[in-house]
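# Commentary on secondary and tertiary structure
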Amino acid sequence: MAYDITKMRNIGISAHIDSGKTTLTERILFYTNKIHAIHEVKGKDGVGATMDSMELERERGITIASAATNVSWKDHPINVIDTPGHVDFTIEVERALRVLDGAVLVLCSVGGVQSQSITVDRQLKRYNVPRLAFINKCDRSGANPFRVTDQLIEKLGHNAVMVQIPIGLEDKLAGVVDLITMKGIYFEGSNGEIIREDEIPSDLLDEATSRREMLLDALSMHSDELAESYLEGTETVEQVQSALRKATLSLDVTPVFMGSAYKNRGVQLLLDGVVNYLPDPSQIETNALDVSNNEAPVKIKHQPDAPAIALAFKLEESQYGQLTYIRIYQGTVKKGSELTNSRSGKRFKVGRLIRMHADSMEDITEAYAGDIVALFGIDCASGDTFTENGLNYTMTTMYVPEPVISLAISPVDKKSSDNMSKALNRFSKEDPTFRSFVDPESNETIIKGMGELHLDVYIERMRREYKVDLETGMPQVAYRETVSTEARFDYTHKKQSGGAGQYGRVAGILEPNAESDYEFVDNIKGGVIPNEYIPSCDKGFKACLTKGKVIGFPIVGIKVSIDDGTFHPVDSSDVAFQMAAIGGFWQAFEKAKPQILEPIMKVSVEGPSEFQGNILGSINQRRGIIISTSEEANFTRVEAEVPLSEMFGYSTVLRSLTQGKAEFTMEFLKYSKVPTNVAEQLKKEHLEKDKKTETKKK
């Protein structure tokens, strides 16, 4: 297929967990002839969905890593990225969105807009991604795509317009009415591959006419040509499509498609929608940052003959070595060409260039601006930018949330220990929200992540993929320490024990700071501390932040100002002022009423209304604050704020309280002060831990 950037589409499929997006992707692969048989998620045939290539994904029926694949629909190459739905894998969603030009927001026609849909939609908004909505599962009992469209407007603030209405619902779903062509569309054949156009069923004609009017009213706002023709009653299909494309690209309108991926209804029309209404890469304005010019933004030229700029957005370890997924923003990447990693400055040669199809691949010789491909054997980290011809550009840094939970792990033997370090090295390169380090005091390996499931999946992957036999500790919450009031310090560091002495005196104020984690202010007048030692004071204060004195967690939200000091012409040094600053900091920290902060999660629980009392009770028992409850069609949704430390094991508790019928999602919201009784308990535990460490050392 000849290269034409205007025909290319890069789309993501974003949705709430269990809304059927992997099933939808499977149908897309089938209808675009990438696969020749349909397999289901958790299918009875034991094969699993094609995009869920990881063993663990197939077993649990969820998508963990996003898999990219290239398909072609009506002469348009489409790169599809299947993104995970669970909030613990948010970084995968964020990364996918960073490199996409358009998205399909999949919603369940029974569950409607759920809490995770709101999170996903917020992520799409953050990257200004134009989107189509696909209301899936219209074959399910209780399906109501009209209600879901209203929720798109009310809850997500979209200007959602239906471009289809269903012909029948639940088990009577036969097809859809296309409101643009005003035809009934039916999907026949064993896999719905034969599309039959027919007249609109007479009982749906009034509804279809009224909905079409709503669609044209909405679009007339965005096209004078259509508005004029609409008034005269002479609007054409092309005019409507052109106005809809324009309004979708400007994020003013979200076209709503519908069907049932599982029952093979409506997927081909959604693919038509992707081609007709989502942007090609050249229609998205993208900027790179010029590192040589103070990170000034530079507009990307979507041309194949310009110097190449590509972003590595995902790393994956395969049986043949490390695979790096890249999105080419500008120029052409050829096999054998030389690129530079703008972060490390290292140059490398492009060995194998691959176009990915879930877990299989196709070798190619070149790829152009707008394309998503993969490279083999490149040493880099996720988020690196590759450039050509000496360009020193970097793509904008991706938003990376801080991990909120940690866990100690220890391998049982030497072999496991070696394999574990290989696994940790790989996982931390692939996933910036997963981190690992060795605690210098306990000598334990600690892993950090975004939730219990997040860490659970990595531990399981270590066991399966790297044959690591390991023991895990209890999950630990990432607490923080801060101060609640201001306090002065005045500290002199003096040491004279033969040879050169050390002398430095630092005085100032330590106070709470809501604006940032740490701020240093130099109010020294008259050179009482020489300029060369001011950075030493800053360094000393910063050294104290890594571990607080209350329970040993990092200190945040403070401001330190220095306004007085003394030096000695011979004995003062960088080290002496660092020591003075450290002494001063701890002197004031004790007086500034330190507090412990804990991560508070935004929790959303959804389940049948008969269990509402149990759900509310379980939240209250966990120091939770109920923010809202809503009830719809015998289904209750409870939104609450709950400390993370209280949420361990909640999925098991919720299952037993609701006979397995309720589910919950949670994401980090803020840090908040812990109650006094909890603070006392944490201090006690910290003291005991310290005692144990001391005993071990002896």
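Worth saying up front: this structure is predicted, and the values here are computed from it rather than measured.

The next subject is the side chain of T636. Among the structural elements, T636 can be located in strand 37 (residues 635-643). Of note is the side chain of T636, whose polar atom sits 2.9 Å from the side chain of S609. Apart from the residues within four sequence positions on either side, T636 is in contact with V605, E606, G607, P608, S609, Q612, S630 and E631.

What follows covers helix 8 (residues 237-249). Taking 1.5 Å of rise per residue, the 13 residues of helix 8 would be expected to cover 18 Å, and the 18 Å separating its terminal C-alpha atoms lies within 8% of that figure. Listing the buried residues of helix 8 in full gives Q239, V240, A243, L244, R245, A247 and T248. Those residues of helix 8 that are buried are in contact with strand 1 (9-15), strand 5 (131-136), helix 6 (205-220), helix 7 (224-232), strand 11 (254-258) and helix 9 (267-277). The positive-phi residue at the C-terminal boundary of helix 8 is L251, with phi of around 65 degrees.

This part covers the side chain of H493. Residue position: H493 is located in strand 31 (residues 487-495). Within the structure, H493 has its side chain in polar contact with the side chain of Q502 (distance 2.8 Å). Ignoring any residue separated from it by four or fewer positions in sequence, one finds H493 in contact with Q502, Y503, G504, A576, M579 and A580.

Let us look at the sheet that holds strand 12 (residues 287-290). The strand order 13-12-24 describes an open sheet built from 3 strands, whose pairing is antiparallel. Two strands lie at the open edges of the sheet, namely strand 13 (296-299) and strand 24 (393-395), each paired on one side alone. The sheet shows a mean angle of 45 degrees between the axes of neighbouring strands, taken without regard to direction.

The next thing to look at is the environment of H76. Along the chain, H76 turns up in strand 3 (residues 76-82). Measuring from C-alpha to C-alpha, the distance between H76 and V274 comes to 9.8 Å, with 198 residues separating the pair along the chain. Among all residues touching H76, those that are not within four sequence positions of it are K7, R9, V71 and V275. Looking at H76, its side chain comes within polar contact range of the main-chain oxygen of K74, at 2.9 Å.

With that settled, the discussion passes to the pattern of salt bridges. Across all of its chains, the model carries 25 salt bridges by this definition. For R196, the salt bridge identified is with E188, shortest N-O distance 2.6 Å. By relative accessible area, which is 31% here, R196 ends up partly exposed. Between E235 and R212 there is a salt bridge whose closest N-O contact spans 3.0 Å. Of this pair, E235 sits in the loop between helix 7 and helix 8 while R212 sits in helix 6, placing them 23 residues apart in sequence. Given a relative accessible area of 14%, R212 falls into the buried group. Within this structure, E188, R196 and D198 form a network of salt bridges that share partners.

The next point concerns the confidence of the model for the protein. With 89% of its residues at a pLDDT of 70 or more, the protein has an overall mean of 82. Below pLDDT 50 for its whole length, residues 42-48 participates in 10 contacts with residues either more than four positions away or in separate chains. Predicted confidence for residues 60-66 stays below pLDDT 50, and this span has 33 contacts to residues more than four positions away or in other chains.

The rules behind each value
Residues numbered from 1 in each chain as written. Predicted model: local features only at pLDDT ≥ 70, side-chain atom pairs only at ≥ 80, totals over all residues. Heavy atoms only, no water. Helix = DSSP H or I, 4+ residues; strand = E, 2+ residues; numbered from the N terminus. Polar contact = N/O pair within 3.5 Å; in protein donor to acceptor, adjacent residues only side chain to side chain. Contact = heavy atoms within 4.5 Å. Expected span 1.5 Å × (residues − 1). Buried < 20%, exposed > 50% of the residue type's maximum accessible area, 1.4 Å probe, protein only. Pairing = 2+ DSSP bridges. Axes fitted to C-alpha atoms, helices over the stretch in contact; angles between N-to-C directions. Salt bridge = Lys/Arg side-chain N within 4 Å of Asp/Glu carboxyl O. pLDDT = per-residue confidence, 0-100.

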